[in-house]
Amino acid sequence: MIRIENVSKSFTLHNQSATEIPVMAGASLHVPAGECIALVGASGSGKSTLMRMIYGNYLTATGRILVDGVDVASAEPRDILQLRRHTLGYVSQFLRVVPRVSTLDVVAEPLMITGRTRDAAIAKAQSLLERLNIPERLWQLSPTTFSGGEQQRVNIARGFAYPYPAMLLDEPTASLDPTNRATVLTMIKEAKDRGTAIVGIFHDHEARDQICDRQIDVTGFTPGLAA
Ligand SMILES: Nc1ncnc2c1ncn2[C@@H]1O[C@H](COP(=O)(O)OP(=O)(O)OP(=O)(O)O)[C@@H](O)[C@H]1O
């Protein structure tokens, strides 16, 4: 479902005499349907950079990043947007809050833009918010003023509303209390069971060991460090 072939990347520091910093070389990995892999490696080894390349936020210098057959490294922006709607979900650490949009609508949106009726999308959003212990009195409010942990749970509800075949998870259990953390781990397990291929960064090692089938040490893709 997610296949990375010989990917490399460097950053150009335009404000520093266009200095080129190579950050990745020869990155290759395959995540079949139903498998969860954890990206590991020291701080600065390139875990977030690889995730952003898979999502199409960062350009890739060489190689291919295939998600359900679409090469994100060379796809047109409109094809990447289509992929993000129907195939590739991304739960980042932080909710990007749109002012004045209710929590229910924030969570229901991925379902509405993929053709579910509003009633069906809202019903699913309600069940997710309930499951993640967001009090009902908050559902009609914008999550702008919510606590960090509440925002993260809204973000997770939104990320899991649509059954994406592939997902990227960036520290999905950071700042959660034990009860909600357990719920999120169950949700990840359910996604795997229905065949979702998952790539994640988990600084929560217990969660990582519980949920991931394999670890990929990104240090192996760091230029100059790779064996
Ligand atoms: N936008 C950018 N411009 C220039 N350099 C960048 C940029 N983003 C990342 N880098 C560099 O790329 C390297 C990899 O960074 P990245 O954030 O992917 O590491 P990481 O493994 O996710 O680290 P951490 O565990 O600390 O989050 C670092 O040396 C970083 O300085």
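Residues numbered from 1 in each chain as written. Predicted model: local features only at pLDDT ≥ 70, side-chain atom pairs only at ≥ 80, totals over all residues.

- Looking at an unreviewed UniProt entry, the chain carries the name Phosphonate C-P lyase system protein PhnL, with the source organism given as Parasedimentitalea huanghaiensis.
- Note on the chain: under the UniProt heading Sequence similarities (unreviewed entry), the record states "Belongs to the ABC transporter superfamily." (UniProt positions renumbered as here; feature names shortened; annotations may be inferred.)

**What about the overall build of the chain?**
Here's step 1: A count of helical and extended segments in the chain gives seven helices and nine strands.
Here's step 2: Taken over the C-alpha trace, the chain has a radius of gyration of 18 Å; the compact-globule value for 227 residues is 17 Å, and the two agree within 12%.
Here's step 3: Based on the C-alpha atoms only, the size of the chain along its principal axes is roughly 55 × 35 × 35 Å.
Here's step 4: Across the chain, every contact between residues at least 6 apart in sequence was considered, and the portion connecting residues at least 24 apart equals 70%. (Helix = DSSP H or I, 4+ residues; strand = E, 2+ residues; numbered from the N terminus. Rg over C-alpha atoms; globule rule 2.2 N^0.38 Å. Contact = placed C-beta atoms within 7 Å.)

**Some words on the site of the ligand**
Here's step 1: In the region of the ligand, the neighbouring residues are Phe11, Ile21, Val23, Gly41, Ser43, Gly44, Ser45, Gly46, Lys47, Ser48 and Thr49.
Here's step 2: Those elements that provide at least two residues to the shell around the ligand are β2 (19-31) and α1 (47-55).
Here's step 3: Considering every element that reaches the shell around the ligand, the biggest residue donor is α1, with three residues.
Here's step 4: Here the residues of the shell around the ligand sort into three nonpolar, seven polar and one charged. (Near = placed C-beta within 6 Å. Nonpolar A, V, L, I, M, F, W, Y, C, P; charged D, E, K, R; others polar.)

**Here we look at the nonpolar core**
Here's step 1: Within the largest apolar cluster, 63 residues are counted, with the highest numbers of intra-cluster contacts made by Ile2, Ile54, Val107, Ala125, Ala157 and Ala161.
Here's step 2: A domain-level breakdown of this core finds at least three residues from each of domain 1 (1-87 + 167-227) and domain 2 (99-163).
Here's step 3: Residues contacting Ala161, with those up to four places away along its chain left out, are Val107, Ala108, Pro110, Leu111, Lys124, Ala125 and Leu128. (Core = buried A, V, L, I, M, F, W, Y, C linked by C-beta atoms within 7 Å. Buried ≥ 20, exposed ≤ 12 C-beta atoms within 10 Å, placed from the backbone. Domains from an automatic or database assignment.)

**What about the pairing of strand β3 (residues 36-40)?**
Here's step 1: Pairing of β3 with strand β8 (residues 197-201) involves three bridges; the strand directions are parallel. Its bridge partner being in β8, Ala38 is matched across the sheet by Gly200.
Here's step 2: Here β3 pairs with strand β9 (residues 214-217) via four bridges, running parallel. Its bridge partner being in β9, Val40 is matched across the sheet by Asp217. (Pairing = 2+ DSSP bridges.)

**Notes on helix α6 (residues 178-193)**
Here's step 1: For α6, which comprises 16 residues, the first-to-last C-alpha distance of 22 Å matches the rise-based estimate of 22 Å (1.5 Å per residue) to within 8%.
Here's step 2: Of all the residues in α6, the buried ones are Asn180, Val184, Ile188 and Ala191. Angular distribution of buried residues about the axis of α6 spans 85°; they occupy a single face of the element. Turned more than 90 degrees away from the buried face of α6 sit Pro178, Thr179, Thr186, Lys189, Glu190 and Asp193, all of them exposed.
Here's step 3: Contact partners of the buried residues in α6: β3, α5 (148-161), β7 (166-170), β8 and α7 (205-211).
Here's step 4: Remark: Gly195 follows α6 within two positions and exhibits a positive phi of approximately 105°. (Expected span 1.5 Å × (residues − 1). Arc of directions from axis to C-beta.)

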